Amino acid sequence: MEGKVDLHKNEAVLVEEGVKWFENLSNDAEASQNQMDKLALVAHAFMLELGFSVENQNALPENWKTSAGHTSRYFYPPNSDYDVILTVTSMGPMVKIHGTHTSSKSTFSTAKIKPAEFITEKEGKLIFKNLKRMARVFKNEVGVPLLNSVRTHLGFATTGLLGVPPEISLKIFKFLDVQSLLSVGRVSKQMSWICKEKNIWKQIFLRDFGSRSFAIRRFTNTLNNSEGEDWFNLYKEHYLNKKEQESSRSRVPPPPLFPFPDFENNPQNPLMPPMPGIVGGDYDRIPFGRDPLRDPFSLPRPRFDTPGPNFPGFGPRRGGPGGFGPPGFGGGGGFGFM
């Protein structure tokens, strides 16, 4: 397809890579943040990345700051029960994160985390550092065990392709073509939910339609005050529009390469072969370069006649008054001279 680009290869997908939705979430929560707030924010983002959900993923949970720390609740689709609780508490200079699945009565905790190892101050602002290591610590000790506990409780697979964490699925599925991705989505409800993840379809949209289409779409959504793009439906809409344009172009006959003679109003000599286009000069009238009826040694004259007195319907025939041949341009030669 037109406008293909390689932007999808460098586009961030994970929190540790600086994915756009995490940047927006961080900017919205920028006011009155300390190291504790920062760690709670990134832990919340890791939970969303693993597939846990909240009512509004574009904002921080309401009333999540308490005297005991930060507490947030999640559900795991297709289940709608908020039975997963994440708590971030401080223990002096250390921070500890607990994840609890109330339905299975399972709790997982991190080792004591030193905020200074993952947060630093730059130009008066607190910023993240070593996010990849933070992601491994949180997911290995809390996130993935909590995810497997929830999946087991819901009867989902925890091994094989179905058991792969969503963050890995995002990395794999974005390289599939559309037909393969749709086929994978038919395997199960769990796979169907993962295959419709907006970050996957965003990468495929960029890959198949290019950055120009993406820029136009983003500008349109900005004008419409869109809160977020549904990349699956955007791809579907763009694909159908493109197919319709291609079908419309195929139904329109192409224009002729050159104008044809008007045989109805200006018939040719039936004994002569049909002329393929404009008759102009001796190159077309006398293809072998000389006219045996006038001068067997004459050289061919210029190729195209200029419209003159002998133009069809406006004067004598070719060769002057009383001349011979079909009506045409000029006189006996290329430019109306005898």
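Everything quoted here is computed from the prediction, not taken from an experiment. (Residues numbered from 1 in each chain as written. Predicted model: local features only at pLDDT ≥ 70, side-chain atom pairs only at ≥ 80, totals over all residues. Heavy atoms only, no water.)

Q: Before we move on, could you go through the overall build of the protein chain and cite the residues and values that matter?
A: When you go through the protein chain residue by residue, the secondary structure sums to 10 helices and 7 strands. Across the 338 residues that make up the protein chain, the buried fraction comes to 39%. The long-range fraction of contacts in the protein chain, counting pairs at least 24 apart against all pairs at least 6 apart in sequence, stands at 52%. Carbon and sulfur atoms form 57% of the exposed surface of the protein chain, whose accessible area is close to 20,000 Å². (Helix = DSSP H or I, 4+ residues; strand = E, 2+ residues; numbered from the N terminus. Buried < 20%, exposed > 50% of the residue type's maximum accessible area, 1.4 Å probe, protein only. Contact = heavy atoms within 4.5 Å. Areas by Shrake-Rupley, 256 points an atom, 1.4 Å probe, with all protein chains shown as cover.)

Q: I'd like a rundown of the side chain of Thr 110, residues and numbers included.
A: Tracing the backbone shows Thr 110 in the loop between strand E5 (106-109) and strand E6 (119-122). Contacts of Thr 110, omitting those with residues within four sequence positions, involve Lys 96, Ile 97, Glu 141 and Val 142.

Q: Describe the environment of Gln 190, and please don't skip the residues or the numbers.
A: You can see Gln 190 is positioned in helix H7 (residues 189-195). The sequence separation of Gln 190 and Leu 162 amounts to 28 residues, and the corresponding C-alpha distance is 7.6 Å. Not counting chain neighbours up to four residues away, the residues in contact with Gln 190 comprise Arg 151, Phe 156, Ala 157 and Leu 162.

Q: Any chance you could break down the environment of Val 150 for me, citing the residues and the numbers?
A: Structurally, Val 150 is set in helix H4 (residues 131-154). Taking relative accessible area as the criterion, Val 150 reaches 2% and is therefore assigned buried. Apart from residues lying up to four places away in sequence, Val 150 is in contact with Phe 52, Tyr 76, Val 84 and His 101.

Q: Mind laying out the packing of aromatic side chains, listing which residues take part and the relevant values?
A: Two descriptors summarise a pair of aromatic rings, namely the distance from one centre to the other and the angle between the planes of the rings. If you walk through the whole model with that rule in mind, you get 11 aromatic pairs. Between Trp 21 and Phe 22, the aromatic rings sit 6.5 Å apart at their centres with planes inclined by 80°, giving edge-to-face as the arrangement. Taken together, the ring pairs in this structure connect Trp 201, Phe 205, Phe 209, Phe 232, Tyr 235 and Tyr 239 into an aromatic cluster. (Phe/Tyr/Trp six-rings, centres within 6.5 Å; stacked < 30°, edge-to-face > 60°.)

Q: So what's going on with the sheet that holds E5? Which residues, and what values?
A: With antiparallel pairing, 5 strands are arranged side by side in an open sheet as E1-E2-E3-E4-E5. Unpaired on one side and paired on the other, strand E1 (65-66) and E5 mark the two borders of the sheet. In terms of strand pairing, strand E3 (residues 84-91) meets strand E4 (residues 94-101) through 8 bridges, oriented antiparallel. Within E4, the residue paired with Val 84 across the bridge is His 101. Along the sheet face, helix H3 (residues 35-49) touches E1, strand E2 (69-74), E3 and E4 and points at about 155° away from the line of E3. The strands that H4 touches are E3, E4 and E5; relative to E4, the one it contacts most, it runs at about 15°. (Pairing = 2+ DSSP bridges. Axes fitted to C-alpha atoms, helices over the stretch in contact; angles between N-to-C directions.)

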